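Each chain is listed here by its residues.
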There are 2 protein chains.
Amino acid sequence: MLSKNRIKYINALKNKKFRQAYGAFIVEGAKSVIELIQSDFTIEFILATDEFRQKYTTILSEHTPPLETVGPKDLEGIGSFQTNDSCLAVAKVKNNDLLLKSPGEYILALDDIRDPGNLGAIIRVADWYGIHKIICSKDTTDWYNPKVVAASKGSFTRVLPYYTDLYQYFGEYGSGEFIGGAFLGGSSLYEFEFPKAGGFVVMGNESNGIGEMVSKHITHQITIPRMGGAESLNVGIATAIIIDNLRRGQRL
Amino acid sequence: MLSKNRIKYINALKNKKFRQAYGAFIVEGAKSVIELIQSDFTIEFILATDEFRQKYTTILSEHTPPLETVGPKDLEGIGSFQTNDSCLAVAKVKNNDLLLKSPGEYILALDDIRDPGNLGAIIRVADWYGIHKIICSKDTTDWYNPKVVAASKGSFTRVLPYYTDLYQYFGEYGSGEFIGGAFLGGSSLYEFEFPKAGGFVVMGNESNGIGEMVSKHITHQITIPRMGGAESLNVGIATAIIIDNLRRGQRL
């Protein structure tokens, strides 16, 4: 029987203020919870149905996470989504540790990405292409928002965020580095050669692009060539296309 | 003063059955309505606030669409979305005319894309890269669903759909043509050369990929190289990456 305090705690964690106060966040859905169990996140508890327990016996007996069995109806209306999910977990937020570039590494930097679905999609794309660090401006939506976690499809376990003032970050750690930014009217992505030394790829806000201050640190403006009528691309899709071209260049 | 019949009609058009019965669909939001006005769609009516009228005087006087001025509160709760939009239009659905490939042309084919957000994103990507025709399997979500229209960000005015049985379509019109399909475990997209003669790019269902029957017509299986941990990519993002590589190859 799920206690009232637990329900209250989970509901509180839908709110950024309480996620920060408690240093914890919600993970919903079997696939994401399984990825969480196999990651190095600290799990406070998992609420799961018998069905979930049986389906994932091997993984659960290997990792023995703290699991409370609940009835299928207990989870109804508790999570953020109206899907019939068989489990929900609460895990500890990771420390917001400074992330620096290793030689040859590419890091993604996000200037004020507001939509949780977009941030989740970007995390998933980064993970697909083996990018492990994302520097987020302070106004970028919260990494541990349940919608971000859900949209990342488990990739939040393999990519690390660092929230900071992007302008200051590049001022301190960007000197001499390649800092490419997505702009309308920059060099064609197709003719662009990403340096072997690695660097940063900066994506800007959904409506306003990269801010004026952060733009001062951009060393190369990059544009995705357009051949049709659409005015713009969604930022998750634009990120995917730029990173794909980057990795393609490194492979060929 | 907005009539009750009009409100009833708009509400009915949120439902696919009534969109098909009336041959009409809803377009919401100033940007999308402006693109609609500049397109060759037949507009039944536009409901717009004074603010909208004043902001777009030039375009409105050029095109003189049938416009009813409403109070800002009249539109509240009428559309599908809870945004404070200043206008909503109802336009005639276009005939589902057979679409065939021209020499050198690339056409997108969708096998059972279910999520309206994904379909809208795919239409926007097609438009960005100058792809004007999309062949949709009968199970693909309805092109004129308000969520699809909204996610396409006006690109629905520049890309044409044709709903049909994909297996039969390729049987009749695909013979001798390049028909590339996105698969896990196909040839690397980076080493792949798309033929100059054009052809079809087929994207499959979000969970199950391209169906067994349609797969029989696929002449080339293509895979987006993965370098990290994510299991899969969203179908809108995968479409963008494949089309980007196709266009890049044609440009270089």
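Rules and cut-offs
- Residues numbered from 1 in each chain as written.
- Chains lettered and ligands numbered in written order.
- Predicted model: local features only at pLDDT ≥ 70, side-chain atom pairs only at ≥ 80, totals over all residues.
- Heavy atoms only, no water.
- Contact = heavy atoms within 4.5 Å.
- Buried area = accessible area lost by both parts, 1.4 Å probe.
- Salt bridge = Lys/Arg side-chain N within 4 Å of Asp/Glu carboxyl O.
- Patch = residues over 30% accessible without salt bridge, like charges linked within 9 Å, V, L, I, M, F, W, Y side chains within 5 Å.
- Areas by Shrake-Rupley, 256 points an atom, 1.4 Å probe, with all protein chains shown as cover.
- Helix = DSSP H or I, 4+ residues; strand = E, 2+ residues; numbered from the N terminus.
- Buried < 20%, exposed > 50% of the residue type's maximum accessible area, 1.4 Å probe, protein only.
- Polar contact = N/O pair within 3.5 Å; in protein donor to acceptor, adjacent residues only side chain to side chain.
- Pairing = 2+ DSSP bridges.
- Axes fitted to C-alpha atoms, helices over the stretch in contact; angles between N-to-C directions.
- Domains from an automatic or database assignment.
- Nonpolar A, V, L, I, M, F, W, Y, C, P; charged D, E, K, R; others polar.
- UniProt positions renumbered as here; feature names shortened; annotations may be inferred.
- Expected span 1.5 Å × (residues − 1).

Peer 1: So what about the interface of chain A and chain B? Which residues, and what values?
Peer 2: Taken together, the contacts link 33 residues of chain A with 33 residues of chain B. Of the roughly 3,300 Å² buried between chain A and chain B on both sides combined, carbon and sulfur atoms contribute 59%. The largest per-residue losses of area from chain A upon contact with chain B belong to W128(A), Y190(A) and R248(A), which jointly make up 25% of the total buried on that side. Linking chain A with chain B are 2 salt bridges.

Peer 1: For a nonpolar patch on the surface, give the residues involved together with the corresponding values.
Peer 2: A cluster of nonpolar side chains, namely L98(A), L100(A) and Y173(A), defines an oily patch on the protein surface of about 230 Å² accessible area. Within the secondary structure, Y173(A) sits in helix 8 (residues 166-173).

Peer 1: Outline the pattern of salt bridges, listing residues and values.
Peer 2: Side chains carrying opposite charge are able to pair once their charged atoms draw close together. For the coordinates displayed, the defined rule picks out 20 salt bridges over all chains. Between R158(B) and E35(B) there is a salt bridge, and its shortest N-O distance comes to 2.5 Å. With R158(B) in the loop between helix 7 (146-151) and strand 7 (160-164) and E35(B) in helix 3 (residues 30-37), the pair connects residues that are 123 residues apart, well separated along the chain. Its relative accessible area of 28% is what places R158(B) among the partly exposed residues. For the salt bridge of E177(B) with K101(B), the shortest nitrogen-to-oxygen distance reads 3.1 Å. Of the two residues, E177(B) sits in the loop between helix 8 (166-173) and strand 8 (178-188) while K101(B) sits in the loop between strand 4 (87-92) and strand 5 (106-111), which places them 76 residues apart along the sequence. Counted as one network, the salt bridges with shared partners bring together E35(A), D127(A) and R158(A).

Peer 1: A description of the side chain of S188(B) should follow, citing residues and the corresponding values.
Peer 2: All names here are of chain B. Topologically, S188 is positioned in strand 8. Here Y190 takes part through its backbone nitrogen, which lies 3.1 Å from a polar atom of the side chain of S188. For S188, the contacting residues outside a window of four places in its chain are T223 and P225.

Peer 1: Provide a residue-level description of the sheet that holds strand 5 of chain B, including the pertinent values.
Peer 2: Residue and element names in this part refer to chain B. One open sheet holds the 6 strands; their spatial order is 7-6-5-9-8-10, and the pairing between them is parallel. In this open sheet, the two strands that pair with only one neighbour each are strand 7 and strand 10 (220-223). Sheet twist, expressed as the mean angle between neighbouring strand axes with direction ignored, is 35°. Bridge analysis of strand 5 against strand 6 (residues 133-137) gives 3 bridges, and the strand direction is parallel. Paired with A109 across the strands is I135, a residue of strand 6. Across the sheet, helix 8 lies against strand 5, strand 6, strand 7, strand 8 and strand 9 (199-204), angled at about 150° from strand 5, the strand it touches most.

Peer 1: Quick rundown of the domain arrangement of chain A? Include the residues and the values.
Peer 2: Residues and elements named next belong to chain A. Looking at chain A, the domain boundaries give domain 1 (4-92) and domain 2 (106-251). The C-alpha-based centres of domain 1 and domain 2 are spaced at 30 Å. Here domain 1 packs against domain 2, burying approximately 1,100 Å² in sum over the two surfaces, 64% of which is carbon and sulfur. Viewed at the interface, domain 2 and domain 1 are joined by 2 salt bridges. For the salt bridge of D142 with R19, the shortest nitrogen-to-oxygen distance reads 2.8 Å. Taken together, domain 1 and domain 2 are joined by 3 residue pairs in polar contact (both at pLDDT 80 or more). At the level of secondary structure, the elements contributing two or more residues to the side of domain 1 that touches domain 2 comprise helix 2 (16-22), strand 1 (24-28) and helix 3 (30-37). Here the side of domain 1 that touches domain 2 gets 4 residues from one element, more than from any other, and that element is strand 1. When its residues are assigned to classes, the side of domain 1 that touches domain 2 shows 6 nonpolar, 3 polar and 5 charged.

Peer 1: If you had to explain the UniProt feature "domain: MRM3-like substrate binding" (unreviewed entry) in chain A to someone new, which residues and values would you point to?
Peer 2: When the UniProt feature table is mapped to this numbering, "domain: MRM3-like substrate binding" (unreviewed entry) covers residues 5-64 of chain A. With 60% helix and 18% strand, the stretch residues 5-64 of chain A has end C-alpha atoms that lie 23 Å from each other.

Peer 1: Can you tell me about helix 10 (residues 235-251) of chain A, naming the residues and giving the values?
Peer 2: In a regular helix each residue adds 1.5 Å, so 17 residues correspond to 24 Å; helix 10 of chain A covers 24 Å between its end C-alpha atoms and thus fits that length. If you check the start of helix 10 of chain A, you find a side-chain oxygen 2.6 Å away from the backbone N of G236(A), and it comes from N234(A).

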